[in-house]
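Below are the chains, spelled out letter by letter.
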Amino acid sequence: MNPQPTPEILPRLYERDIDVLLQEELLFNSGVQNLFTRALDLYGFVRFVDCRLSVFDQSGETDVLTAIEMDGQKGVLLIENKIDASFQPRQAERYRERTQALESSHGFARCVLVAPESYVGSLNPSVSAFDASVSYEEITAAIEQEGTSRALHRASLIKRAIERARSSYILVEAPAVTSLWERIYRIASSEFPALEMKPPSGKGSNSSWVIFKGALPPKVTIDWKIKKATVDLSFWPGASARAIEDAELTPDARTKLRNAVLRTLGSTRVLTMPVSHAPSDFSRITDEGIREALTAATLLLSFLLQREAKVTATGR
């Protein structure tokens, strides 16, 4: 009699499954603990005291909330776990807001993104909003280092999650939105080359956030949020360039930048220029509306590059 094939133990792991696995590893696996302390540049003796899942407050949900002690100082780590899902609107900013609120009550707080390498290494600006990132692949390697059959099994579960995440996400393309991005690219590449917009791929129905890098420093982006009718110069945590300060927005600068406004979103400093609102169906925005936004993006780019050139020349 031929043996029956062994069924898959978990045909597909969801983020909640990984949360549960991560909770146990954070409490009992020193190798996984070290991944987080190194990613956050935490020095000294760090003890992982407690770990809770799906913690809600008025600003939203924290996937994994870990209490730590560092040289006698109490603190917390707020961990967002992503397999392949997109960030919800302001989700990363809400993590930063919760982190700052907990800092005042717990003495120390940091937020960390846990996701596959391909997700962590993406250009999504929400990734840069976290204090640090730890990849699934790093966690898998740390678990495997234990060398036990149980550890190898647990590592294989995360590997399976990574592989299934790669094949489970299928973009449902919205032709009208893809056509909009192609129009934006044609205009940007021919009339606004300094923005260095990349050729777009197929887009889904909610793809309304266009990111330009141009010659900007690391962790600084120009973001056209079509539905919000703003173009932002964003300085994400860890940006190599100093964020714009109020004193730099002289009357002349404000005139050139069309009364741009400085804002702070969590730990991200943003210089925002308003543009005309798109129609309710944003894919129907006119070419003139596109040119208006790309002009605003170019003004922000030029403003920062001129500032950086002055800093290089004068040292201040």
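Residues numbered from 1 in each chain as written. Predicted model: local features only at pLDDT ≥ 70, side-chain atom pairs only at ≥ 80, totals over all residues. Heavy atoms only, no water.

### So, the packing of helix α2 (residues 30-39) against helix α6 (residues 136-144)
Next, step 1: In contact at an axis separation of 8 Å, α2 and α6 are set at 145° when each is read in the N-to-C sense. The two elements α2 and α6 meet at a crossing, and its hand is right-handed. Between α2, through G31, V32 and L35, and α6, the contact on the second element is made entirely by E138, I139, A142 and I143.
Next, step 2: Split into classes, the residues belonging to the contact of α2 with α6 amount to five nonpolar, one polar and one charged. (Axes fitted to C-alpha atoms, helices over the stretch in contact; angles between N-to-C directions. Helix = DSSP H or I, 4+ residues; strand = E, 2+ residues; numbered from the N terminus. Left-handed = near helix turned anticlockwise from the far one by under 90°. Contact = heavy atoms within 4.5 Å. Nonpolar A, V, L, I, M, F, W, Y, C, P; charged D, E, K, R; others polar.)

### Looking at the side chain of R96
Next, step 1: Relative to the assigned elements, R96 resides in helix α3 (residues 91-106).
Next, step 2: A polar atom in the side chain of R96 sits 3.2 Å from the side chain of D131. (Polar contact = N/O pair within 3.5 Å; in protein donor to acceptor, adjacent residues only side chain to side chain.)

### Digging into the environment of F28
Next, step 1: Looking at the element boundaries, F28 is found in helix α1 (residues 15-28).
Next, step 2: Looking at F28, the relative accessible area reads 66%, which means it is exposed.
Next, step 3: Between the alpha carbons of F28 and F48 there is a distance of 8.5 Å; along the sequence they are 20 residues apart. (Buried < 20%, exposed > 50% of the residue type's maximum accessible area, 1.4 Å probe, protein only.)

### Concerning helix α8 (residues 175-191)
Next, step 1: Taking 1.5 Å of rise per residue, 17 residues should cover 24 Å, and α8 covers 24 Å from first to last C-alpha, within 8% of that figure.
Next, step 2: Those residues of α8 not exposed but buried are V177, T178, L180, W181, R183, I184, I187 and A188.
Next, step 3: Among the structural elements, β6 (209-212), β7 (220-225) and α10 (287-314) are those in contact with the buried residues of α8. (Expected span 1.5 Å × (residues − 1).)

### A word on the side chain of N81
Next, step 1: Tracing the backbone through its elements, the reader meets N81 in strand β3 (residues 73-81).
Next, step 2: Here N81 falls in the buried class, since its relative accessible area comes to 0%.
Next, step 3: In this structure the side chain of N81 is engaged in a polar contact, spanning 3.1 Å, whose partner is the backbone oxygen of E15.
Next, step 4: If near-sequence neighbours (up to four positions away) are discounted, N81 is found in contact with E15, I18, D19, D63, V114 and Y136.

### Structural notes on the layout of surface pockets
Left-over empty space is what a probe sized like a water molecule reveals as it rolls over the atoms.
Next, step 1: Considered as a void within the structure, the second largest pocket measures approximately 410 Å³ in volume.
Next, step 2: Residue lining of the second largest pocket: 16 residues in total, with E248, F303, Q306, R307 and K310 positioned closest to the centre.
Next, step 3: Elements with a minimum of two residues in the lining of the second largest pocket: α9 (251-256) and α10.
Next, step 4: Here the lining of the second largest pocket is built from residues that sort into five nonpolar, four polar and seven charged. (1 Å grid on protein atoms, 1.4 Å probe; cavity = no way out; pocket = protein on both sides within 12 Å on 5 of 7 lines; lining within 4 Å. Points joined across faces, edges and corners; volume = space filled by probe spheres on them.)

### Here's the deal with the sheet that holds strand β1 (residues 46-57)
Next, step 1: Read from one edge of the open sheet, five strands run β1-β2-β3-β4-β5, paired in mixed fashion. Looking at the sheet topology across the chains shown, the edges are occupied by β1 and β5 (132-135). Shown here is a sheet whose adjacent strand axes are inclined to one another by a mean of 30°, direction ignored.
Next, step 2: As paired elements, strand β4 (residues 109-115) and β5 share four bridges and run parallel to each other. Bridge pairing in β5 places V112 opposite A132.
Next, step 3: In this fold α2 packs onto β1, β3, β4 and β5, with an angle of close to 150° to the strand it touches most, β5. (Pairing = 2+ DSSP bridges.)

### Considerations on the nonpolar core
Next, step 1: Ranked by internal contacts, the top residues of the largest apolar core, which has 43 residues, are W224, L233 and L271.
Next, step 2: Residue assignment for this core shows that the elements contributing at least two residues are α8, β6, β7, β8 (230-235), β10 (268-274) and α10.
Next, step 3: With nine residues, the single largest contributor to this core is α10.
Next, step 4: Grouped together as the second largest cluster of nonpolar side chains are 35 residues, L21, L40, I79 and A142 included. (Core = buried A, V, L, I, M, F, W, Y, C linked by side-chain atoms within 4.5 Å.)

### Describing the pattern of salt bridges
Next, step 1: On inspection of all chains with the given rule, the structure shows 20 salt bridges.
Next, step 2: Among the salt bridges present, the one from R150 reaches E24, with a minimum N-O distance of 2.6 Å. Here the residue R150 occupies a position in helix α7 (residues 149-168), and E24 occupies one in helix α1, the gap between them amounting to 126 residues.
Next, step 3: Assessed through its relative accessible area of 30%, E24 is described here as partly exposed. (Salt bridge = Lys/Arg side-chain N within 4 Å of Asp/Glu carboxyl O.)

### A word on the confidence of the model for the protein chain
Next, step 1: Averaged over all residues, the pLDDT of the protein chain equals 84, while 89% of them reach at least 70.
Next, step 2: Within the protein chain, no element has a lower average pLDDT than helix α5 (residues 125-128), which sits at 76, and none a higher one than α8, at 94.
Next, step 3: Contacts for the low-pLDDT stretch residues 1-7, under 50 throughout, to residues beyond four places or in other chains number zero contacts. (pLDDT = per-residue confidence, 0-100.)

### A look at α10
Next, step 1: Its 28 residues give α10 an end-to-end C-alpha distance of 40 Å, which sits within 8% of 40 Å, the value for a rise of 1.5 Å per residue.
Next, step 2: All buried positions along α10 are accounted for by G289, I290, A293, L294, A296, A297, L300, L301, F303, L304 and R307.

### Focus on the packing of aromatic side chains
Next, step 1: The final tally for this structure, using the stated rule, is one aromatic pair.
Next, step 2: Ring geometry for Y95 versus F130: centroids 5.4 Å apart, planes at 50°, classification tilted. Of this pair, Y95 sits in helix α3 while F130 sits in the loop between α5 and β5, and the two are 35 residues apart along the sequence. In terms of burial, Y95 and F130 fall into one category: buried.
Next, step 3: Over the aromatic face of Y95 sits the side chain of R98, whose NZ or CZ is 4.4 Å from the ring centroid.
Next, step 4: If you follow K225 out to its NZ or CZ, it ends over the ring of W209, 4.8 Å from the centre. (Phe/Tyr/Trp six-rings, centres within 6.5 Å; stacked < 30°, edge-to-face > 60°. Lys NZ or Arg CZ within 6 Å of the ring centre and 35° of its normal.)

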